[in-house]
Amino acid sequence: MCAMGPMPEATGPAEGERGLFDPEGVFWRVNREAVLLLGGGAALLSQIAHPLVAAGVYEHSGFREQPFKRLYGTITAMQRMIYAPRSVALAAAARIRGIHRHVHGELSFDTAAFPRGTRYDACDPALLLWVHSTLVATAVTTYEAFFPPLTAEERERYYQESKTIGLLVGLDEERLPAGWSAFERYYRSMLGGNVLEVTPVTRELAEDILHPPVSWVPDVAGDVVSIATVALLPGPIRERYALRWSERRQMAWSFARRVIRRLLPHMPGMARTGPRVWRAERRLRVRRG
């Protein structure tokens, strides 16, 4: 069962209906930036590089028919957990756990780590940890592509605050790596081990991520998102997908980063953060007078 792990004791601004996260914390500061959406594709590709995650997504979601709708739903749920009042955040987490309870089945093919017939379950702590880890790692990577790198202390604080999300989606405290160093060891062991594998099912899903079947997305916009997705992938996962990364693409990515970095300081608040974060920060300003 996908039961919520014990929540850490709320302190300061995280008490009551003020929300689960400290507005002065690193987790809030990093995730408030709408430019992190550029890392969405990289996070998804990383998640489905796990064959059991890919099987669950393929067989129990409408991802192939409506990839943007599913991605929007995931982003909305995450923003509610981070920026909405506590009751709304807990309701969003409960909805995610409710969806996960119905996602289970058997692997229909062999992989290096899992034989055909291996059971998968979205409430499996090992799968929850991998998905959670891809979100943490991709957020940090994407943020540092456009902002100064986090210090070692900030990375530690970011990771400690991120544990709240892990608990909300059903992980127990003991399943989460204790700190950033332990998290890096776990993440690198997954990248370098034999669990992750790009299967035919994974490739089919990946095609919809890299080239979504949506007619209203302009080709140029699709190319920019595709380049960002490949650029933000960890090297070992990019290699597993055999995604080409040429000098021309590197130049395009470097140019896009320079342009975005220059634009960000001049963007209006709602455009830079998105409406949900903007409203949360507006509520804070009102409370503070």
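Residues numbered from 1 in each chain as written. Predicted model: local features only at pLDDT ≥ 70, side-chain atom pairs only at ≥ 80, totals over all residues. Heavy atoms only, no water.

**As for unusual backbone geometry**
Piece 1. Not every positive phi belongs to a glycine, and A242 is a case in point at roughly 55 degrees.
Piece 2. Residue placement: A242 occurs in the loop between α11 (235–240) and α12 (247–263).
Piece 3. On the accessibility criterion, A242 (62% relative accessible area) is exposed. (Helix = DSSP H or I, 4+ residues; strand = E, 2+ residues; numbered from the N terminus. Buried < 20%, exposed > 50% of the residue type's maximum accessible area, 1.4 Å probe, protein only.)

**Considering the pattern of salt bridges**
Piece 1. Counted according to the given criterion, the structure contains nine salt bridges.
Piece 2. Note that R32 is salt-bridged to E281, the shortest N-O span being 2.8 Å. Taken together, the residues R32 in the loop between α1 (26–31) and α2 (40–48) and E281 in helix α14 (residues 275–288) connect sequence positions 249 residues apart.
Piece 3. We classify E281 as buried; its relative accessible area is 14%.
Piece 4. Among the ionic pairs, E184 bridges to R188, the shortest N-O distance being 3.6 Å. Taken together, the residues E184 and R188, both in helix α8 (residues 180–192) and four residues apart, mark about one turn of the helix.
Piece 5. Among the residues examined, R188 registers a relative accessible area of 57% and is labelled exposed.
Piece 6. The structure contains a network of salt bridges with shared partners spanning R32, E33, R272 and E281. (Salt bridge = Lys/Arg side-chain N within 4 Å of Asp/Glu carboxyl O.)

**Some words on the environment of H50**
Piece 1. Looking at where H50 falls in the secondary structure, it is placed in the loop between α2 and α3 (51–60).
Piece 2. Expressed as a C-alpha distance, the spacing of H50 and E197, which sit 147 residues apart in the sequence, is 6.2 Å.
Piece 3. Ignoring sequence-local partners within four residues, the contact set of H50 consists of F114, L127, W130, M190, V195 and L196. (Contact = heavy atoms within 4.5 Å.)

**Let's talk about the packing of α2 against helix α6 (residues 125–146)**
Piece 1. One can describe the packing of α2 onto α6 by two numbers: an axis separation of 9 Å at closest approach and a directional angle of 150 degrees. When the axes of α2 and α6 are compared, the pair comes out roughly antiparallel. Once α2 is placed against α6, the crossing between them reads as right-handed. In contact with A42, A43, S46 and Q47 of α2, α6 contributes W130, V131, T134, L135 and T138.
Piece 2. Broken down by class, the residue content of the contact of α2 with α6 amounts to five nonpolar, four polar and no charged. (Axes fitted to C-alpha atoms, helices over the stretch in contact; angles between N-to-C directions. Parallel < 35°, antiparallel > 145°, perpendicular 65-115°, else oblique. Left-handed = near helix turned anticlockwise from the far one by under 90°. Nonpolar A, V, L, I, M, F, W, Y, C, P; charged D, E, K, R; others polar.)

**Observations concerning a positive patch on the surface**
Piece 1. Positive charge collects at one region of the surface, where R18, R279, R283 and R287 lie side by side.
Piece 2. Along the polypeptide, R283 turns up in helix α14.
Piece 3. R283 gets classed as partly exposed once you look at its relative accessible area, which sits at 36%. (Patch = residues over 30% accessible without salt bridge, like charges linked within 9 Å, V, L, I, M, F, W, Y side chains within 5 Å. Areas by Shrake-Rupley, 256 points an atom, 1.4 Å probe, with all protein chains shown as cover. Lys, Arg positive; Asp, Glu negative; His and termini not counted. Charge placed at Lys NZ, Arg CZ, Asp CG, Glu CD.)

**A closer look at α14**
Because each turn of an α-helix spans 3.6 residues, side chains separated by three or four positions in sequence point in the same direction.
Piece 1. If you check α14, its first and last C-alpha atoms are 20 Å apart, about what 14 residues at 1.5 Å a residue would give, namely 20 Å.
Piece 2. Those residues of α14 not exposed but buried are V277, A280, E281 and L284. Buried residues of α14, seen end-on, are gathered within an arc of 90 degrees and therefore sit on one face of the element. (Expected span 1.5 Å × (residues − 1). Arc of directions from axis to C-beta.)

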